[in-house]
There are 2 protein chains.
Amino acid sequence: MRLGLVQFAPRIGEVQFNADSMLEAANAAAEYGATLAVFPELSLIGYPPMDLLRDETLRETCRIALDEMANRLKIPALMGAPSWEDGKVYNAAYWVSDQGWSVVGRKVLLPNYDVFDESRYFQSGDQCSVLEHDGKKFLLSICEDLWARDADVKYPTDPVQLALGAADSSVDFILNMAASPYSIQGIPRRAHVLQSTANRCGIPVVYVNQVGARADLIFDGGTSVAYPNKAVQELCPKFEQGVALWDTDSNQHLENFIWDSLRNDSRMNRDLLNPPHGSNAIILGDHFDSNEITKALCLGIRDYLAMTSGKKVVIGLSGGVDSAVVLCLAVMALGSENVTALLMPSGYSSERSVADSVALCRIHEVAYQILSIEDSFSAVMGTLQTKWETQPTGLTEENIQPRLRALFLMAYSNQYGAMWLNSSNKSEAAVGYSTLYGDMGGGLSVIGDLYKTQVYALANCWNAHKEWIPSSILESAPSAELRPGQLDSDSLPPYPLLDAILMDRIEGSLDEEGLILNGHDPDLVRRVMDMMKRSEFKRHQMPPVLRVSSRSFGRGWRRSLV
Amino acid sequence: MRLGLVQFAPRIGEVQFNADSMLEAANAAAEYGATLAVFPELSLIGYPPMDLLRDETLRETCRIALDEMANRLKIPALMGAPSWEDGKVYNAAYWVSDQGWSVVGRKVLLPNYDVFDESRYFQSGDQCSVLEHDGKKFLLSICEDLWARDADVKYPTDPVQLALGAADSSVDFILNMAASPYSIQGIPRRAHVLQSTANRCGIPVVYVNQVGARADLIFDGGTSVAYPNKAVQELCPKFEQGVALWDTDSNQHLENFIWDSLRNDSRMNRDLLNPPHGSNAIILGDHFDSNEITKALCLGIRDYLAMTSGKKVVIGLSGGVDSAVVLCLAVMALGSENVTALLMPSGYSSERSVADSVALCRIHEVAYQILSIEDSFSAVMGTLQTKWETQPTGLTEENIQPRLRALFLMAYSNQYGAMWLNSSNKSEAAVGYSTLYGDMGGGLSVIGDLYKTQVYALANCWNAHKEWIPSSILESAPSAELRPGQLDSDSLPPYPLLDAILMDRIEGSLDEEGLILNGHDPDLVRRVMDMMKRSEFKRHQMPPVLRVSSRSFGRGWRRSLV
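Predicted, not measured: the structure shown is a model, and the values here were computed from it. (Residues numbered from 1 in each chain as written. Chains lettered and ligands numbered in written order. Predicted model: local features only at pLDDT ≥ 70, side-chain atom pairs only at ≥ 80, totals over all residues.)

1. Quick word on the confidence of the model for chain A
Residue and element names in this part refer to chain A. Inclusion rule: Confidence of the prediction at every residue is given by pLDDT, a number between 0 and 100. The contact criterion used here is simple: two residues whose C-beta atoms, placed from the backbone, lie within 7 Å are in contact.
For chain A, per-residue confidence averages 94 on the pLDDT scale, and 96% of positions sit at 70 or higher. Contacts from residues 266-273, a stretch scored under 50 in pLDDT, to residues over four places away or in other chains number 15 contacts. Scored as a complex, the prediction yields pTM 0.95 and ipTM 0.95.

Below, the structure written as structure tokens:
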């Protein structure tokens, strides 16, 4: 048997589109000699479907699509879709062939932590299935089913181990159909799970995952095979659609290809994705692969734009590292012709920040406009000063500036149909060092899941080979430039200290006591915890944040506002 | 046995505060003759705790609080708190007395629909407990356990029925400890559940619920008793803290009281809560109790303010019904001395809207400022016109106006420490007839869960007895006044038609096909569904919305942004 493992990017709720694409991929795989096409978890409806599963007609739409695929498939296919049975819904695997279609697997372990809410929508299956085809037996698992020993929560049973134990003869390999989003920490964890399962069970583990970004979640693909006691072998390039052929008789990876329609899919135009050669480093305790993070964020931008407003974006350049990094990512993702920068200096903006922003635009051949906020700022202040009995305070005056910039960015967005990309980083968002309806705004937060030190690391990795970002941007002390001589360090602890606490709090899930036990300064811990609590309301109104860590703000972070 | 049923308002995560309050309430109840104090579900930690349950030290904090209560309670108490057992967490009931404390019940049915995510955090208990005290036997159920036959989802078993069947002798009554939020549709459903359970089981059902608002969720209390084949009897006034004494021997309600500290609780200063006498009506198919909705929203405002920024609010008055209703609610909730109105006319604002807004402020003795946005608007337009090759379009120009108003409101908020209350209604929010970072902004959305027709209904109910809102506000055709002669009806279907579709889509969970089958015009349905999908990104950045329906935007509405 030759598996055509399809690293596929379904669209959420676009069942017909997904079915057509899968049909084409499977039939293309057949021409390359595949005898079974395998698609990721929930490939027919996309992941995460959320309340789409509440829509009554989804069931019928899926049935029609499955019927049509059964009629037109040249080889059998395994694909993911919900199964509706006796008032319950399962996260299921379907076997579709010219004989019709049937449910052959139901996900047993339903993740309900971090960004996952599967128990909200699905019922657990009883056990993993063992299937037989072309003389081979394989265990079919769906995503979390493989993670019984390694998930963030403790599961009572290991459905893979149980099914292998119950099988009446030896199983040749384990198949895992996944919809597993990318994160810096998740990539090594996933490799560990594949490898340790292969070692423990003594048979190969074949893994096929979704690719593409859906708002905040980025799926990297990472379709691969783990053999017992060998290193995990990646079968498809990450962050791209494609098919890998894997032969079950020889246990060998044979070939890769992409199917025709994909070549014309603007979301996946791979030529644009050409980041400068990056170096790797250990940042905040994690292996930091700048190429991988760059690709992930570019895919996140491109897919979100493609599925919402189109291609054009606008970015406010402040002269700081955050907006510079967002501009570089946008150029890589969309091409410089689709990116516009607005420079919106005030009387407090330094000459350096304007000059550096212009230099950045020139390096990347990005069109820019300089829209001073001075006149508007004076007009607003004039109205307030006339009507108020007290003079506007520093805080009031400081916040008016980013809000006027947001107003200009949204005006540009309305005028030219460009999405405003937010430039906030995770450190600022965590402690609320940011202005709601000001720099917290935008259609998509590109680097809102990278701490300030990680943003610097990314920029420095890029710049190691070529000056992608003017070095004086990286060398200047971070400043919001909302009053004369203002520096971030006036209000915040040094970023390395701050980020280490935040990382232990957010990704590490330590509470106040745990942070102090972990060696952080108690006063600083209490100050940071307090800032985090007080700014929960700001994060509530943030745009979706591209997730690249094991815990990002948004659906994976659920704290009371009171 | 005399139960002291405590309609209690715990604060989320403030375990020590909650424990102190419960201790005081229980001991006060003892003085009134109670022999057992009963508190609502999760009364020790508040509801919904969400990721608070991930904090390691919560367990120890609860243990210390339970120890202290055991030491100081004059009568035994039943209260709600998590129970940590063998790596699992249950939503549990504790029996606390001078003998110590122990877990006596674990919630069996965990709701995972709408605003609930209990399977994310809790493990299901095996069965409801039957307890014996003072010669009486009672079945202890926690909230959803009573809803096996009536919930939004189908449960495989009815734990109340099972436990009654398994009891070895007759049970005297059923107790339900709840944290059940208010909704217009939920109140009659809850009465039905209590009544039908009492009828079916042939014994009284005693219900004690949380009260108070936690950001979006408003708990009404509604502590009551249902006797077989009699109407449900409410024991405590809704939307207030208090204790009701109920005697298990006579099956009688004896007395009500509030405990001392409550009299000084600013959140619960009941004198302010004095809405005009309202009439009831059927609006959009629901029984619309204007008094109840008014109280719910006032409690929502007051508690959110008390637990975040304090007491002061600022509201932008447009001359329309929405902001007028929000102003009235804020005055009722906080007193006119804590409310400031900003009137921010542009060249497109009618004289009527300014005059009516002034009249509204005079009726309610609310301070107002008139801050024309004209100068700021001209300055912004001037900058754009100089720099852009194309003239700002209508859409661009229209959106600048609400964004400048938002900027003024936030400037006022920063200057005077007042929270900006958002005035968007559910109809606008649903179809995106609103400006992000403009009228979509604010710290709390007060009427974001009321359709436009419901907002009118509320205003008309109030006005039936006294002109609380100048009648010309209610008589003018709705307009955003962003261009000359603009009317909502230029862009939207008539509100009664629109709201009927939205109600069937949102509360009724019908999809496109279902809406058409339900008799709505197919073209209009498709147009409305399209507007809803396209505006998902705006709702993603909305402030928390006070929930008064069975499905509000926010945590109960989870749709993909792509």
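Don't stop here, the text continues.
2. Here's the deal with the domain arrangement of chain A
How large an interface is tends to be reported as the accessible area lost when its parts come together. All names here are of chain A. This is how it is decided: Those domain boundaries reflect an automatic or database domain assignment. For helices the rule is a DSSP run of H or I covering at least 4 residues; for strands it is a run of E covering at least 2, with both sets numbered from the N terminus onward. Three classes are used, and their members are as follows: Ala, Val, Leu, Ile, Met, Phe, Trp, Tyr, Cys and Pro are nonpolar, Asp, Glu, Lys and Arg are charged, and the others, Gly among them, are polar.
If you check the domain split of chain A, you get domain 1 (2-268) and domain 2 (280-489). Breaking the side of domain 1 that touches domain 2 down by element, the ones donating at least two residues are β10 (211-214) and β11 (217-220). Considering only residue class, the side of domain 1 that touches domain 2 consists of seven nonpolar, three polar and four charged.

3. Concerning the interface of chain A and chain B
Contacts between chain A and chain B engage 63 residues on the former and 63 residues on the latter. Of all elements in the fold, only α3 (118-121), α10 (374-387), α11 (394-416), α17 (512-517) and α19 (536-540) of chain A reach the threshold of two or more residues within the side of chain A that touches chain B. In terms of residues, the side of chain A that touches chain B owes the most to one element, α11(A), which gives 12 residues. Broken down by class, the residue content of the side of chain A that touches chain B amounts to 25 nonpolar, 23 polar and 15 charged.

4. Considerations on helix α2 (residues 58-72) of chain B
Residue and element names in this part refer to chain B. The condition that has to hold: Here the expected span of a helix is defined as 1.5 Å times the quantity of residues minus one. Counts of 20 or more other C-beta atoms within 10 Å of a residue's own C-beta define buried residues, counts of 12 or fewer define exposed ones, and intermediate counts define partly exposed ones; C-beta atoms are placed from the backbone. Each C-beta atom gives one direction from the helix axis, and the arc is the one those directions make.
Counted at 1.5 Å a residue, the expected span for α2 with its 15 residues is 21 Å, and the 21 Å between its end C-alpha atoms agrees. What α2 keeps buried is the set Leu58, Cys62, Ala65, Leu66 and Met69. Buried residues of α2 fall within an arc of 100° about the axis and therefore sit on the same side. In α2, the exposed residues that point more than 90 degrees away from the buried face are Glu60 and Asn71.

5. A look at the sheet that holds strand β13 (residues 233-234) of chain A
Residue and element names in this part refer to chain A. Applied cut-off: When DSSP finds at least two bridges between two strands, those strands are taken to pair.
Here six strands make up an open sheet; going across it, the order is β6-β7-β8-β9-β12-β13 and the pairing mixed. The sheet terminates laterally at β6 (129-133) and β13, the two strands that pair on one side only. Bridge count between strand β7 (residues 136-142) and strand β8 (residues 173-178): five bridges; the pairing is parallel. The residue of β8 that forms the bridge with Ile142 is Met177.

6. Notes on unusual backbone geometry
Note that the residue after A:Tyr47, namely A:Pro48, is joined by a cis bond; omega there is -5°. Within the secondary structure, A:Pro48 is located in the loop between β2 (36-38) and α2 (58-72). Look at A:Tyr437: it is not a glycine, yet its phi comes out positive at around 60°. Within the fold, A:Tyr437 resides in the loop between α12 (426-431) and β22 (444-445). Not every positive phi belongs to a glycine, and B:Asn251 is a case in point at roughly 55°. Positionally, B:Asn251 belongs in the loop between β14 (242-247) and β15 (252-257).

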